[in-house]
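Now for the letters of each chain:
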Amino acid sequence: MMPPTAEPSPDHASTSSGDKDSDPVLDNSSPAPIPAPEVSSHREEEPGPETPPNKEGGDVLELIASTGKFWHNWDDLKIMLSSKLKQVLSEYPEVKMTGEEQKASLGETYPELMKRLDDALLSFDEGPPFTLQRLCEILLTAKSIYPNLSKLALALEKNLLVTSTLTACTDPHPLATQNQDETDKATPIQQQPSHSEQNGVQHPTAADGDEIMADVETDIGDEMTIDMEPLEEMK
């Protein structure tokens, strides 16, 4: 005779049911967003060509090249020349060569060449070199005169390896004089009143003078006729 099977106790059944109900339910309707990989905002800046001078700087250099005189403060003018120098040097194809190729062509690397010429320009403290006019001419027309960078560097070096300096011109600035002339031409010339009109007295014109003289002569003639009548009666 088999022993009766033991039935699970109510406590055990309720515990199993409670465990089943407590299992978490996964919601697949809205998956969690995947975070995007962090991208570093740091970016190495590659050296580029020097910023060319503005139009005003170009006008100043053209004025010096045509007159041989300068009116600006030397410290400000020196900055213009330095910027123009770097811009002109950077336009030559030798800049894109490797360091070894630059040494073979120029005898030094491009950065060394640019620094040497720029230091020579900046070494003038009291005023610009007396070759300032020629220096401006070279910087303004370099590509049309010097086909390669080595010849341009040699020309610049000759004009920077001097000791005499120039002083600022004290004559009126040509642009200021031109602007004044244009202002004078644009201003209408006002007719000044005559001296008699200023004093409130109006002199007769030539035609009025003739009429007045005719009246005076008529009066004189009448008086003479009146005066002669008594004399004729006495006779």
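Residues numbered from 1 in each chain as written. Predicted model: local features only at pLDDT ≥ 70, side-chain atom pairs only at ≥ 80, totals over all residues. Heavy atoms only, no water.

**A word on the pattern of salt bridges**
Moving on, step 1. Using the criterion set out here, one finds 6 salt bridges in the structure.
Moving on, step 2. As a salt-bridge pair, Asp-171 and Lys-69 come within 3.5 Å of each other at their nearest N and O atoms. A residue pair is termed long-range when its members are at least 10 positions apart, and Asp-171 in the loop between α8 (149–160) and α9 (174–186) and Lys-69 in the loop between α2 (55–67) and α3 (74–90) qualify at 102 residues.
Moving on, step 3. Taking the relative accessible area as the measure of exposure, Asp-171 reaches 40% and is therefore partly exposed.
Moving on, step 4. The salt bridge involving Arg-116 is made with Glu-108; its shortest N-O contact spans 2.7 Å.
Moving on, step 5. On the basis of relative accessibility, which here comes to 14%, the residue Glu-108 falls in the buried class.
Moving on, step 6. Beyond isolated ion pairs, a larger network of salt bridges with shared partners links Glu-108, Arg-116 and Glu-157. (Salt bridge = Lys/Arg side-chain N within 4 Å of Asp/Glu carboxyl O. Helix = DSSP H or I, 4+ residues; strand = E, 2+ residues; numbered from the N terminus. Buried < 20%, exposed > 50% of the residue type's maximum accessible area, 1.4 Å probe, protein only.)

**Let's talk about the packing of aromatic side chains**
Moving on, step 1. One pass over the structure, following the stated rule, counts 0 aromatic pairs.
Moving on, step 2. A cation over an aromatic ring shows up here: Lys-143 above the ring of Tyr-92, its NZ or CZ 5.4 Å from the ring centre. (Phe/Tyr/Trp six-rings, centres within 6.5 Å; stacked < 30°, edge-to-face > 60°. Lys NZ or Arg CZ within 6 Å of the ring centre and 35° of its normal.)

**As for the nonpolar core**
Moving on, step 1. Leu-77, Leu-81, Leu-89, Leu-149, Leu-152 and Leu-156 are the most contacted members of the largest nonpolar core, which has 35 residues in total.
Moving on, step 2. Elements supplying a minimum of two residues to this core: α2, α3, α5 (110–122), α6 (132–140) and α8.
Moving on, step 3. Residue contributions to this core peak at 7 residues, all from α3.
Moving on, step 4. Once you skip the residues sitting within four places of it in the chain, Leu-156 turns out to touch Leu-85, Leu-89, Leu-117, Leu-135, Ile-138 and Leu-139. (Core = buried A, V, L, I, M, F, W, Y, C linked by side-chain atoms within 4.5 Å. Contact = heavy atoms within 4.5 Å.)

**Observations concerning a negative patch on the surface**
Moving on, step 1. On the surface, Asp-75, Asp-76, Asp-125 and Glu-126 cluster together into a patch of negative charge.
Moving on, step 2. Inspection of the secondary structure assignment puts Glu-126 in the loop between α5 and α6. (Patch = residues over 30% accessible without salt bridge, like charges linked within 9 Å, V, L, I, M, F, W, Y side chains within 5 Å. Areas by Shrake-Rupley, 256 points an atom, 1.4 Å probe, with all protein chains shown as cover. Lys, Arg positive; Asp, Glu negative; His and termini not counted. Charge placed at Lys NZ, Arg CZ, Asp CG, Glu CD.)

**Details of the confidence of the model for the chain**
Moving on, step 1. Residues with a pLDDT of 70 or more make up 50% of the chain, whose mean pLDDT is 73.
Moving on, step 2. Highest mean pLDDT in the chain belongs to α5 (97); lowest belongs to helix α1 (residues 10–21) (49).
Moving on, step 3. In this model, residues 12–18 is a region of pLDDT below 50 whose contacts with residues beyond four sequence positions or in other chains number 0 contacts.
Moving on, step 4. Scored below 50 in pLDDT, residues 39–54 shows 9 contacts in the model against residues more than four places distant or in partner chains. (pLDDT = per-residue confidence, 0-100.)

**A short note on the side chain of Ser-82**
Moving on, step 1. Within the secondary structure layout, Ser-82 lies in helix α3.
Moving on, step 2. What makes Ser-82 buried here is its relative accessible area of 8%.
Moving on, step 3. Discounting residues that sit within four places of it in the chain, Ser-82 has contacts with Asp-118, Leu-121 and Leu-122.

**What about the packing of α3 against α6?**
Moving on, step 1. Where α3 meets α6, the closest approach of the two axes is 10 Å, and the angle between their N-to-C directions is 35°. Considering the relative orientation of α3 and α6, their crossing is left-handed. Here Leu-77, Leu-81, Lys-84, Leu-85 and Val-88 of α3 lie close against α6, whose contacting residues are Leu-132, Cys-136, Leu-139 and Leu-140.
Moving on, step 2. For the contact of α3 with α6, a count of residues per class yields 8 nonpolar, no polar and 1 charged. (Axes fitted to C-alpha atoms, helices over the stretch in contact; angles between N-to-C directions. Left-handed = near helix turned anticlockwise from the far one by under 90°. Nonpolar A, V, L, I, M, F, W, Y, C, P; charged D, E, K, R; others polar.)

**Observations regarding the environment of Lys-151**
Moving on, step 1. Residue position: Lys-151 is located in helix α8.
Moving on, step 2. Distance in space between the C-alpha atoms of Lys-151 and Leu-106 is 9.3 Å, their sequence separation being 45 residues.

**Some details on the environment of Met-97**
Moving on, step 1. Within the element layout of this structure, Met-97 appears in the loop between α3 and α4 (99–106).
Moving on, step 2. Look at Met-97 and you get partly exposed, because its relative accessible area is 31%.
Moving on, step 3. In the structure, Met-97 is positioned 12 residues away from Thr-109 in sequence and 9.2 Å away in space, judged by C-alpha atoms.
Moving on, step 4. With residues up to four places along the chain from it excluded, the contact list for Met-97 reads Gln-102 and Ser-105.

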